[in-house]
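If you want the building blocks of each chain, they are given just below.
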Amino acid sequence: MEEEPRSPIEGPGYRWENLADLLAGQIESGEIPPDAKLPSLRELSEDYEVSVNTAKAAVRSLRERGLVVTWHGGGSYAIGPQTRERLERRLQRPGDEQTDVPPGA
């Protein structure tokens, strides 16, 4: 009797941590290239046979590690030059320019 292939995220620890580690390895190795869109939460949950909440926790961990950025309604992307530039543009707001006035002056 043949055993089913073991899921790449099976093992000790939480499944979301294992999925995050797997995806982080793919990002760091270039298998998921810089600026590439990650699969949707639904696709991750189907591909790795986990709940959508588990996939969401894994992507949140990747964001906290600085490996991905998530755009509301647009998906998550591996950090690269284009996503860094887009993120910097979004963080810059009119009136937030640097000045030489010390705080509280």
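Above this text you will find the structure in question.
Description of the structure in this document. (Residues numbered from 1 in each chain as written. Predicted model: local features only at pLDDT ≥ 70, side-chain atom pairs only at ≥ 80, totals over all residues. Heavy atoms only, no water.)

### Side note on the nonpolar core
Part 1 of the argument: Counting residues in hydrophobic clusters, the biggest one holds 19 residues, and the most contacted among them are Leu19, Ile27, Ile32, Leu62 and Val68.
Part 2 of the argument: Listing elements by their share of this core, those giving two or more residues are helix 1 (15–29) and helix 3 (52–64).
Part 3 of the argument: Apart from residues lying up to four places away in sequence, leucine 62 is in contact with Ala20, Leu23, Ala24, Ile27, Leu38, Leu67 and Val68. (Core = buried A, V, L, I, M, F, W, Y, C linked by side-chain atoms within 4.5 Å. Buried < 20%, exposed > 50% of the residue type's maximum accessible area, 1.4 Å probe, protein only. Helix = DSSP H or I, 4+ residues; strand = E, 2+ residues; numbered from the N terminus. Contact = heavy atoms within 4.5 Å.)

### Some details on helix 3
Part 1 of the argument: Counted at 1.5 Å a residue, the expected span for helix 3 with its 13 residues is 18 Å, and the 18 Å between its end C-alpha atoms agrees.
Part 2 of the argument: Those residues of helix 3 that fall on the buried side of the exposure criterion are Thr54, Ala55, Ala57, Ala58, Val59, Ser61 and Leu62.
Part 3 of the argument: In this fold, the buried residues of helix 3 make contact with helix 1, helix 2 (41–47), strand 1 (68–71) and strand 2 (75–78).
Part 4 of the argument: Glycine 66 lies just past helix 3 and shows a positive phi near 80°. (Expected span 1.5 Å × (residues − 1).)

### Regarding the pattern of salt bridges
Should the charged atoms of two oppositely charged side chains come close, the side chains can pair.
Part 1 of the argument: Under the definition given, this model contains three salt bridges.
Part 2 of the argument: The shortest N-O distance in the salt bridge between arginine 65 and aspartate 21 comes to 2.7 Å. Of this pair, arginine 65 sits in the loop between helix 3 and strand 1 while aspartate 21 sits in helix 1, and the two are 44 residues apart along the sequence.
Part 3 of the argument: Relative accessible area serves as the criterion here: at 40%, arginine 65 is assigned to the partly exposed category.
Part 4 of the argument: For aspartate 21, a relative accessible area of 42% corresponds to the partly exposed category. (Salt bridge = Lys/Arg side-chain N within 4 Å of Asp/Glu carboxyl O.)

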